[in-house]
Amino acid sequence: MVPNRSIYYLTVVVHVVLVLVALSKVVLQENLRSQLLEQYDGMLVSGGATATKQLWLLGLRLLQLVDVQAVLLHGSSILLSNRFFHDPYSRHLNGMSHLWSVLTCCCMLTNLLAMLLFFRFISITYSTVQDSLYGGLEMYQFDSVWSDFWNNLQTHSQCCGVRNHTDWTGMLWETPEKEDQFRRLLLPDGGQTPAIVPISCCRKQHHHCTGAQRINLGVTELLRTAALDGTSIINHTGCFASVQNSLASTVRLISTLDVILCSMQFGTIFLMRILFIANRNFQSNSAI
């Protein structure tokens, strides 16, 4: 009976681990939702548009639903394993064993599909975030909501622009003519063209972040990176890279748990059948 008991304990442990893995995925997906929809008032997802946020959230909820079904399946499998071990001759138990195997196969295939869809979902999410950031650049000087968003993002993430600080070129004026006019006012004698970016692009530790380098213009305050040393006082990292890096660890963990979940589900199909058959055979031999 000892080998059968070992199989029983192993089966239960595997199902408990699967439940914990599925629950961990749900928690990580909630963390992903929090990072994108709660930070910066959801502006990272299509500028905070309600319809787009709801559509994005629906996609995430559907992925979470797959993990919830895995929790329910493997939670109930613990009880089923107990029946297989203690009462393998119970009426209809053989049919239940086959049904459980079919359900687990379906769940595993659903998880594999969800894993592939998750990669596509993340790809769409990154594309949406990037489009939102570029759209916000154009509205920076004319919409206080976007100017507050960009200033908060650039200050807290120590970044500048979407890809880098050059993204701000041409984005702070209504027309290129006004930008050229303003630059000529800054450098009446010619010389190196200054980079003009929001003050939030400035490196915190740099002494030029205060004082004469500030330019008060319209909605917000800009920073003229002096002609003396073009971009030495501003952050060079783009904000899109910062957002990607902040989400990367969560995405990697979810992907890893996806692989673990599918692999272990495949193993449980054999474990449950072994437990059922081995214990039934043992009890048959004991009765002889």
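Quick caveat: nothing in here was measured; it's all calculated off a predicted structure.

Engineer: Just checking my understanding: could you explain empty space enclosed by the protein for this structure?
Structural biologist: Vacant regions in the atomic arrangement are exposed by a probe of water-molecule size rolled over the atoms. According to the stated counting rule, one finds 1 cavity of 30 Å³ or more in the structure shown. There is about 40 Å³ of room inside the largest cavity. Every residue along the wall of the largest cavity is listed here: K25, Q29, L63, D67, A114, M115, F118, I254 and D258. For the lining of the largest cavity, the element with the most residues is helix α3 (residues 93-139), which contributes 3 residues.

Engineer: Explain the nonpolar core to me, please; I cannot follow it from the model alone.
Structural biologist: Grouped burial of nonpolar side chains is what soluble globular proteins tend to show. Ranked by internal contacts, the top residues of the largest apolar core, which has 54 residues, are L133, F149, W150, L153 and W168. Sorting the residues of this core by element identifies α1 (2-38), α2 (50-86), α3, α4 (144-157) and α6 (239-287) as the ones contributing at least two each. In this view, W150 contacts L133, G136, L137, Y140, G161, V162, W168, S200 and C239; residues no more than four positions away in its chain are not counted.

Engineer: Help me understand the pattern of salt bridges, please; the structure alone is not making it clear to me.
Structural biologist: Where charged atoms of side chains with opposite charge meet at close range, the side chains can pair. Under the criterion given, the structure shown has 4 salt bridges. The shortest N-O distance in the salt bridge between E30 and R33 comes to 3.1 Å. Note that E30 and R33 are positioned in helix α1 at a spacing of 3 residues, about one turn of the helix. Classification of R33 as buried rests on a relative accessible area of 16%.

Engineer: So what exactly am I meant to see when it comes to the packing of aromatic side chains here?
Structural biologist: Centre-to-centre distance and the angle between the planes together describe a pair of aromatic rings. Summed over all chains, the structure comprises 7 aromatic pairs. When the ring of Y126 is compared with that of F240, the centres are 6.5 Å apart and the planes differ by 85°; the resulting orientation is edge-to-face. With Y126 in helix α3 and F240 in helix α6, the pair connects residues that are 114 residues apart, well separated along the chain. For F240, a relative accessible area of 5% translates into the label buried. Taking the centre distance of 5.4 Å and the plane angle of 70° together, the rings of W150 and W168 count as edge-to-face. Within this pair, whereas W150 is found in helix α4, its partner W168 is found in the loop between α4 and α5 (176-186), the two being separated by 18 residues in sequence. Each of the two residues, W150 as well as W168, counts as buried. Connected via pairs of aromatic rings, a cluster forms that spans Y140, W146, F149, W150 and W168.

Engineer: Honestly, a nonpolar patch on the surface in this entry has me stumped. Any pointers?
Structural biologist: On the surface, L55, L58, L62, L65, V68 and L72 cluster together to form a nonpolar patch covering roughly 610 Å² of accessible area. Among the secondary structure elements, V68 is positioned in helix α2. Overall, V68 belongs to the partly exposed group, its relative accessible area being 37%.

Engineer: Hey, could you run me through unusual backbone geometry in this one?
Structural biologist: Positive phi outside glycine occurs at Q158, with the angle close to 50°. Among the structural elements, Q158 can be located in the loop between α4 and α5.

Engineer: What should I look at first to understand the state of the cysteines in this one?
Structural biologist: In a disulfide, the sulfur atoms of two cysteines are covalently bonded to one another. In total, this model carries 2 disulfides according to the counting rule given. Here C159 pairs with C239 through a disulfide, and the sulfurs are 2.0 Å apart. Taking the torsion about the sulfur-sulfur bond, which here is approximately 90°, the covalent link between C159 and C239 counts as right-handed. Of the two residues, C159 sits in the loop between α4 and α5 while C239 sits in helix α6, which places them 80 residues apart along the sequence. Both residues of the pair, C159 and C239, count as buried. Between the sulfur atoms of C160 and its disulfide mate C201 the distance is 2.1 Å. What sets the handedness of the C160 and C201 disulfide is the S-S torsion sign, and at about 85° it is right-handed. Of this pair, C160 sits in the loop between α4 and α5 while C201 sits in the loop between β1 (195-198) and β2 (214-217); the two residues are 41 residues apart in sequence, bridging distant segments of the chain. Taking relative accessible area as the criterion, C201 reaches 0% and is therefore assigned buried. Cysteine C105 is unpaired, with the sulfur of C106 as its nearest cysteine sulfur at 6.9 Å. Relative accessible area serves as the criterion here: at 32%, C105 is assigned to the partly exposed category.

The rules behind these values
Residues numbered from 1 in each chain as written. Predicted model: local features only at pLDDT ≥ 70, side-chain atom pairs only at ≥ 80, totals over all residues. Heavy atoms only, no water. 1 Å grid on protein atoms, 1.4 Å probe; cavity = no way out; pocket = protein on both sides within 12 Å on 5 of 7 lines; lining within 4 Å. Points joined across faces, edges and corners; volume = space filled by probe spheres on them. Helix = DSSP H or I, 4+ residues; strand = E, 2+ residues; numbered from the N terminus. Core = buried A, V, L, I, M, F, W, Y, C linked by side-chain atoms within 4.5 Å. Buried < 20%, exposed > 50% of the residue type's maximum accessible area, 1.4 Å probe, protein only. Contact = heavy atoms within 4.5 Å. Salt bridge = Lys/Arg side-chain N within 4 Å of Asp/Glu carboxyl O. Phe/Tyr/Trp six-rings, centres within 6.5 Å; stacked < 30°, edge-to-face > 60°. Patch = residues over 30% accessible without salt bridge, like charges linked within 9 Å, V, L, I, M, F, W, Y side chains within 5 Å. Areas by Shrake-Rupley, 256 points an atom, 1.4 Å probe, with all protein chains shown as cover. Disulfide = S-S within 2.5 Å.

By themselves, these observations are geometric and do not establish any function.
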